[in-house]
Amino acid sequence: MDPKNGSSFTGFILLGFSDRPQLERVLFVVLLIFYLLTLLGNTTIIALSLLDPHLQTPMYFFLSNLSFLDLCYTTSTVPQLLVHLRGADKCISFAACVAQLFVVLGLGCTECILLGMMAFDRYAAVCRPLHYTVIMHPRLCALMASASWFIGFANSSLQTVLTFFVPLCGRKKIDHFFCEVPPLLKLACVDTTVNESELFFVSVIILLIPVALITLSYGRIVRAVLRIKSAAGQRKAFGTCGSHLTVVSLFYGTAIYAYLQPSNNYSQDQGKFISLFYTIVTPMVNPFIYTLRNRDVTGAMRKVFCGGYDSR
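Since the model is a prediction, treat every value here as computed from it, not as a measurement. (Residues numbered from 1 in each chain as written. Predicted model: local features only at pLDDT ≥ 70, side-chain atom pairs only at ≥ 80, totals over all residues. Heavy atoms only, no water.)

Turning next to the overall build of the protein. Helix and strand content of the protein: 11 helices and 3 strands. Against the compact-globule benchmark of 20 Å for 312 residues, the protein has a radius of gyration of 21 Å, which places it among compact chains. Along the first, second and third principal axes, the C-alpha set of the protein runs to 70 × 45 × 30 Å. For the protein, with 312 residues in total, the buried portion stands at 48%. Taken as two groups, the 24 positive and 16 negative side-chain charges of the protein have centres that lie 12 Å from each other. (Helix = DSSP H or I, 4+ residues; strand = E, 2+ residues; numbered from the N terminus. Rg over C-alpha atoms; globule rule 2.2 N^0.38 Å. Buried < 20%, exposed > 50% of the residue type's maximum accessible area, 1.4 Å probe, protein only. Lys, Arg positive; Asp, Glu negative; His and termini not counted. Charge placed at Lys NZ, Arg CZ, Asp CG, Glu CD.)

It is worth spelling out the packing of aromatic side chains at this point. The full count for this structure, using the stated rule, is 12 aromatic pairs. Ring geometry for F251 versus Y252: centroids 5.5 Å apart, planes at 90°, classification edge-to-face. Y252 gets classed as buried once you look at its relative accessible area, which sits at 4%. Three or more aromatic residues joined by ring pairs form one cluster here, namely F17, F177, F178 and F273. It is R86 that lies over the ring of F28; its NZ or CZ is 5.2 Å from the centre. Its guanidinium or amino end placed over the ring of F17, K272 lies 5.8 Å from that ring's centre, counting from NZ or CZ. (Phe/Tyr/Trp six-rings, centres within 6.5 Å; stacked < 30°, edge-to-face > 60°. Lys NZ or Arg CZ within 6 Å of the ring centre and 35° of its normal.)

On to the pattern of salt bridges. Applying the stated criterion across every chain yields a total of 3 salt bridges. A salt bridge links D175 to K272; the nearest nitrogen and oxygen atoms lie 2.7 Å apart. With D175 in the loop between strand 3 (173-174) and helix 7 (181-185) and K272 in helix 10 (residues 268-291), this residue pair connects regions lying 97 residues apart in the sequence. Using a relative accessible area of 28% as the deciding quantity, one classes D175 as partly exposed. (Salt bridge = Lys/Arg side-chain N within 4 Å of Asp/Glu carboxyl O.)

Next up on the list: the UniProt feature "transmembrane region" (unreviewed entry) in the protein. UniProt's entry tags residues 26-51, 92-120, 140-158, 199-216, 237-260 and 272-292 with the feature "transmembrane region" (unreviewed entry), counted in the numbering of this structure. Here residues 26-51 runs as 100% helix and 0% strand, with 38 Å between its end C-alpha atoms. Annotated as 100% helix and 0% strand, the span residues 199-216 places its first and last C-alpha atoms 26 Å apart. (UniProt positions renumbered as here; feature names shortened; annotations may be inferred.)

On the surface, V29, I33, L37, L40 and F288 cluster together to form a nonpolar patch covering roughly 430 Å² of accessible area. When residues in the nonpolar patch are grouped by element, the largest group, 4 residues, is from helix 1 (residues 21-51). For L37, a relative accessible area of 30% puts it in the partly exposed group. (Patch = residues over 30% accessible without salt bridge, like charges linked within 9 Å, V, L, I, M, F, W, Y side chains within 5 Å. Areas by Shrake-Rupley, 256 points an atom, 1.4 Å probe, with all protein chains shown as cover.)

Attention now goes to empty space enclosed by the protein. Take a probe with the size of a water molecule and roll it over the atoms, and the empty space left behind shows itself. Applying the stated criterion across every chain yields a total of 6 cavities of 30 Å³ or more. Roughly 280 Å³ of volume is contained in the largest cavity. Lining the largest cavity we find 18 residues, and of these L105, G108, C109, C112 and Y259 sit closest to its centre. Secondary structure elements with two or more residues in the lining of the largest cavity: helix 4 (94-127), helix 6 (138-164), helix 8 (193-226) and helix 9 (231-259). Considering only residue class, the lining of the largest cavity consists of 13 nonpolar, 5 polar and no charged. (1 Å grid on protein atoms, 1.4 Å probe; cavity = no way out; pocket = protein on both sides within 12 Å on 5 of 7 lines; lining within 4 Å. Points joined across faces, edges and corners; volume = space filled by probe spheres on them. Nonpolar A, V, L, I, M, F, W, Y, C, P; charged D, E, K, R; others polar.)

Moving on to the sheet that holds strand 3. Strand order in this open sheet of 3 strands is 2-1-3, and the pairing throughout is mixed. The sheet is open, and its two edges are formed by strand 2 (91-92) and strand 3, each paired on a single side. Sheet topology note: the strand 1 (residues 12-14)/strand 3 ladder contains 2 bridges and is parallel. What sits directly across from I13, in strand 3, is K173. (Pairing = 2+ DSSP bridges.)

The next thing to look at is the packing of helix 2 (residues 58-75) against helix 10. Two elements in contact, helix 2 and helix 10, have axes separated by 9 Å at closest approach and are oriented at 150°. On the basis of the axis angle, helix 2 is roughly antiparallel to helix 10. The chirality of how helix 2 crosses helix 10 is left-handed. Residue-level contacts link L63, L66, D70, Y73 and T74 of helix 2 to Y278, T279, I280, P283, N286 and Y290 of helix 10. (Axes fitted to C-alpha atoms, helices over the stretch in contact; angles between N-to-C directions. Parallel < 35°, antiparallel > 145°, perpendicular 65-115°, else oblique. Left-handed = near helix turned anticlockwise from the far one by under 90°. Contact = heavy atoms within 4.5 Å.)

Right, let's talk about the side chain of T77 for a bit. If you trace the backbone, T77 turns up in the loop between helix 2 and helix 3 (78-86). Exposure remark for T77: the relative accessible area of 1% places this residue in the buried category. In this structure T77 touches Q100, V104, F178 and T279, once residues within four positions along its chain are discounted.

Once that is clear, we can look at the state of the cysteines. Applying the stated criterion across every chain, the model contains 1 disulfide. Here C112 is not disulfide-linked; the sulfur of C109 is the nearest cysteine sulfur, at 6.1 Å. (Disulfide = S-S within 2.5 Å.)

So, in structure tokens, the structure goes:
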């Protein structure tokens, strides 16, 4: 018996893209390729950062955290989506939905804060090069990364509890491909204005404080770089910061669209495709953005994968 027709079923039905069966076939192939590339790219970044002593710096410590985060973020949604795209059963248990929402919100919030920490690292490297190793001490780096993860999942705990406290009155069909706050609130049989206002307020804080830190850091970086007389020095400084700015633009652009628009303007179809972008496309392209034109990483790849690893 189909569990969604059983009276004992207490979970949800993720509608996803079920209204577009032709699109489901295409999405399955595309997302499977993207997911494999995500696993390959982010695992490579983490492995190189561990194996090559030249990459054991604050910048690559934070990049390894970002790669691990992206691996977890993608894996929390994409494998389930691939299964649903190929089968008729699109159910998810209540416990799995709660866990998924908790993990997705936690990782998304953590990435917001972590990108701000990475901007501070670039500021210290460019604007305080002589004091960089003193400022970005390993203990401080570990503390900054730990704070990002702690704040991210503390916020997620609050958001998850508030979301599932809303009475759903037996409604089970979620018009999305994973458990996300806006479509879950649409199942409510009570007024959710307070919940939506609280989500908007928290999202503003989580998004805009790191954005302010990033803007301040890069404002000082630009002034510092423009004082460098060497054109080669300017290119190197802008090159190391350009990758981070690209990742920031991709992540914050989609996050702001998803969480900071009024609920009455929220389109489920647009929301699904935006979610696809930040759950699979952004984690896939991040490693490539950071490795393209990065001599440290390409050199480490040649040494580890082509010439054998030399510990000296």
